[in-house]
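Chain by chain, the residues run as shown.
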Amino acid sequence: DAGVTQSPTHLIKTRGQHVTLRCSPISGHKSVSWYQQVLGQGPQFIFQYYEKEERGRGNFPDRFSARQFPNYSSELNVNALLLGDSALYLCASSLSQSEYEQYFGPGTRLTVT
Amino acid sequence: GQQLNQSPQSMFIQEGEDVSMNCTSSSIFNTWLWYKQDPGEGPVLLIALYKAGELTSNGRLTAQFGITRKDSFLNISASIPSDVGIYFCAGQLVQGKLIFGQGTELSVKP
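Reading guide: rules and limits
- Residues numbered from 1 in each chain as written.
- Chains lettered and ligands numbered in written order.
- Predicted model: local features only at pLDDT ≥ 70, side-chain atom pairs only at ≥ 80, totals over all residues.
- Heavy atoms only, no water.
- Helix = DSSP H or I, 4+ residues; strand = E, 2+ residues; numbered from the N terminus.
- Buried < 20%, exposed > 50% of the residue type's maximum accessible area, 1.4 Å probe, protein only.
- Disulfide = S-S within 2.5 Å.
- Contact = heavy atoms within 4.5 Å.
- Pairing = 2+ DSSP bridges.
- Axes fitted to C-alpha atoms, helices over the stretch in contact; angles between N-to-C directions.
- Salt bridge = Lys/Arg side-chain N within 4 Å of Asp/Glu carboxyl O.
- Buried area = accessible area lost by both parts, 1.4 Å probe.
- Polar contact = N/O pair within 3.5 Å; in protein donor to acceptor, adjacent residues only side chain to side chain.
- Nonpolar A, V, L, I, M, F, W, Y, C, P; charged D, E, K, R; others polar.

What exactly am I supposed to notice about unusual backbone geometry here?
Trans peptide bonds make up the majority, and among non-glycine residues the majority have a negative phi. Look at the link from Ser7 of chain A to Pro8 of chain A: it is a cis peptide, with omega at -10°. Of the consecutive residues Ser7 of chain B and Pro8 of chain B, the connecting peptide bond is found in the cis state with omega at -5°. Note on placement: Pro8 of chain B falls in the loop between strand S1 (4-7) and strand S2 (10-14). Phi is positive for Lys52 of chain A, which is not a glycine, with a value near 70°. Topologically, Lys52 of chain A is positioned in the loop between strand S5 (44-50) and strand S6 (53-57). Positive phi outside glycine occurs at Arg69 of chain B, with the angle close to 65°. Within the element layout of this structure, Arg69 of chain B appears in the loop between strand S7 (61-65) and strand S8 (71-76). On the basis of relative accessibility, which here comes to 31%, the residue Arg69 of chain B falls in the partly exposed class.

Sorry if this is basic, but what is going on with the state of the cysteines here?
Two cysteines form a disulfide when their sulfur atoms are joined by a covalent bond. Enumeration according to the criterion identifies two disulfides over all chains in this entry. Disulfide partner of Cys23 of chain A: Cys91 of chain A, at an S-S distance of 1.8 Å. Judged by the sign of its S-S torsion, about -60°, the cystine formed by Cys23 of chain A and Cys91 of chain A is left-handed. Of this pair, Cys23 of chain A sits in strand S3 (residues 19-24) while Cys91 of chain A sits in strand S9 (residues 87-94), and the two are 68 residues apart along the sequence. Here the two residues Cys23 of chain A and Cys91 of chain A agree in accessibility, since each one is buried. Two residues share a disulfide in this structure: Cys23 of chain B and Cys89 of chain B, whose sulfurs sit 1.5 Å from each other.

Which parts of the structure should I look at to understand the environment of Leu61 of chain B?
Residues and elements named next belong to chain B. Tracing the chain through its elements places Leu61 in strand S7. Taking the C-alpha atoms as reference, Leu61 lies 7.0 Å from Leu74; in sequence the two are 13 residues apart. Ignoring anything within four residues of it in the chain, the contact list for Leu61 reads Leu46, Ile47, Thr56, Leu74, Asn75 and Ile76.

What should I look at first to understand the sheet that holds S3 of chain A in this one?
Paired through backbone hydrogen bonds, the strands of a sheet run either parallel or antiparallel to each other. Residues and elements named next belong to chain A. Strand order across the open sheet formed by four strands is S1-S3-S8-S7, with antiparallel pairing between neighbours. Looking along the sheet, the strands with just one partner apiece sit at the ends: strand S1 (5-7) and strand S7 (64-68). Each strand axis lies, on average, 15° off the axis of its neighbour in the sheet, ignoring direction. Bridge count for S3 against strand S8 (residues 74-78) is five bridges, and the pairing is antiparallel. Each residue of the ladder has a partner; that of Val19, found in S8, is Val78.

Teacher, can you tell me more about the pattern of salt bridges here?
A pair can form between side chains of opposite charge whenever their charged atoms are brought close. Counted under the stated rule, the structure contains six salt bridges over all chains. Here the salt bridges do not stand alone but share partners, grouping Arg22, Arg67 and Glu75 of chain A into one network.

What is the right way to look at the interface of chain A and chain B in this model?
Many structure descriptions define interface size as the accessible area lost when the parts assemble. Facing 20 residues of chain A, the contacting portion of chain B comprises 20 residues. A buried area of about 1,600 Å², summed over both sides, lies between chain A and chain B, and 57% of it is on carbon and sulfur atoms. At the junction of chain A and chain B, the tally comes to zero salt bridges. Across the chain A-chain B interface, the total number found is four residue pairs in polar contact (both at pLDDT 80 or more). Elements supplying a minimum of two residues to the side of chain A that touches chain B: strand S4 (31-37), S5, S9 and strand S10 (103-104) of chain A. With three residues, the single largest contributor to the side of chain A that touches chain B is S4 of chain A. A breakdown of the residues in the side of chain A that touches chain B according to their chemical character gives nine nonpolar, 10 polar and one charged.

Take a look at the structure:
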């Protein structure tokens, strides 16, 4: 079975631009969470989505938004990019909102110049 | 906000040695998870712990959920070169939100 997939793999953007990252969960998983991982640190929680609704949000500015589609795939959008947004963006899927085990995709490496 | 203190930050060991790393928190967690991350890849789930005092094994890996629910440790026995990577503990307080430690970078000398 395919694991969590993310696209694109790498992305280079300029300050002030907008970016959209995509994630497809493991087949049968209905919950998707997004994390930001800055080099040398552990992942930081951004959002959780379940059944197309936001179920949790981390301490990130409103420039960060996400949505989940009927097929449970998800998009993370970041507006007005800052240099500090450069990071590995990870998507994790789980069976349901209450399922504790989260499985991560390979991530999207975003570089903001 | 909640923080997990993971130690040690890095370890350099000889192949065949046993390894131990741990995580502590000021908060009580309902679940502890241990992940391994290789360079350029996403974290891979190794072990999940659900009950205080629980001891769980996965091959050469053994992890325990502390009785106080504020700590957890991971042991790797008889390390091999492919154990190299960064190990993260993660605690779950609220459904869907994992809090990660800073990671333990493991290097194994053949």
